[in-house]
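Spelled out, the chains give:
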Amino acid sequence: MNFIQYNVRGFYNNISDLELLKIKYDPVIISLQETHIKKNFKVKFNGYNIISKNVKNSACQGVAILVKTGISFKEIPIASEILAIAVQIQMSVPITFCCIYSHPLDRLHSEKLEQVLEQLPQPFLIQADLNAHNPLWCPTNKTDRKGRIIANLLTKNKLILLN
């Protein structure tokens, strides 16, 4: 099963890249950050169902999860100030995918991330661009506040980081 996480920096700006990724990897799930789509604008991508969340009154930021047509799924409601969405797909066992984005200027709070985690049915995979820096995922980076929060969250919840 292939899945992709991609900070697209504009869904329509990079639609050709998405098409190429779709052809090359045939992913079941594509999680996107920074979709830059206005609220209430319906997005279409051939061969996929799209669940998205956009920032009110803005065409900036935004997240989306694209689920390959024919894959049984349900949206998992996430009550949070964090820009996050989730779906659970039905494979041999149900798997939850959560897509999160945090703008570089957003203040991230561990309690709010914990609230998101508590709402996710297990097992889950979080695909995120949190604009956090830590040598755990990039050896050349210095640790910033968000990076410390994420590192502590990983340790506290015994989560595994794939980067």
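Structure shown above.
Everything numeric in this text was worked out from a predicted model, so none of it was measured.

Go over the sheet that holds strand E6 (residues 83–90), please, and point to the residues and values.
The strand order E5-E6-E7-E8 describes an open sheet built from four strands, whose pairing is mixed. What marks the edges here is a single partner per strand, and that holds for strand E5 (73–76) and strand E8 (124–129). Here the strands of the sheet are splayed against their neighbours by 20 degrees on average, with no regard to which way each runs. Of the strand pairs in this sheet, strand E7 (residues 94–101) and E8 are connected by six bridges, and their pairing is parallel. Across the sheet, residue Ile100 finds its bridge partner in E8, namely Ala128.

Which residues make up the nonpolar core, and what are the values?
By size, the foremost hydrophobic cluster in this structure holds 19 residues, and its most contacted members are Ile78, Ile82, Cys98, Ile100, Leu113 and Ile150. If one sorts the elements of this core by residue count, helix H3 (residues 145–156) sits on top with four residues. Residues Ile65, Val67, Val87 and Ile89 belong to the second largest nonpolar core, which totals 14 residues.

A description of the packing of helix H2 (residues 110–118) against H3 should follow, citing residues and the corresponding values.
Between two packed helices, what matters for the description is the angle formed by their axes and the separation of those axes. Relative orientation of the contacting elements H2 and H3 amounts to 40 degrees, with a least axis distance of 10 Å. In this view, H2 runs oblique relative to H3, as classed from their interaxial angle. Considering the relative orientation of H2 and H3, their crossing is right-handed. For the pair H2 and H3, contact is made by Ser110, Leu113, Glu114 and Leu117 and by Ile149, Ile150, Leu153 and Lys156, respectively. Class assignment for the residues of the contact of H2 with H3 results in five nonpolar, one polar and two charged.

Residue-level account of the side chain of Gln61, with values.
Topologically, Gln61 is positioned in the loop between strand E3 (48–53) and strand E4 (63–68). Relative accessible area serves as the criterion here: at 18%, Gln61 is assigned to the buried category. Discounting residues that sit within four places of it in the chain, Gln61 has contacts with Glu34, Thr35, His36, Val55, Leu83, Tyr101, His103 and Asp106.

Thresholds applied
Residues numbered from 1 in each chain as written. Predicted model: local features only at pLDDT ≥ 70, side-chain atom pairs only at ≥ 80, totals over all residues. Heavy atoms only, no water. Pairing = 2+ DSSP bridges. Helix = DSSP H or I, 4+ residues; strand = E, 2+ residues; numbered from the N terminus. Axes fitted to C-alpha atoms, helices over the stretch in contact; angles between N-to-C directions. Core = buried A, V, L, I, M, F, W, Y, C linked by side-chain atoms within 4.5 Å. Buried < 20%, exposed > 50% of the residue type's maximum accessible area, 1.4 Å probe, protein only. Parallel < 35°, antiparallel > 145°, perpendicular 65-115°, else oblique. Left-handed = near helix turned anticlockwise from the far one by under 90°. Contact = heavy atoms within 4.5 Å. Nonpolar A, V, L, I, M, F, W, Y, C, P; charged D, E, K, R; others polar.

Geometry only, nothing functional implied.
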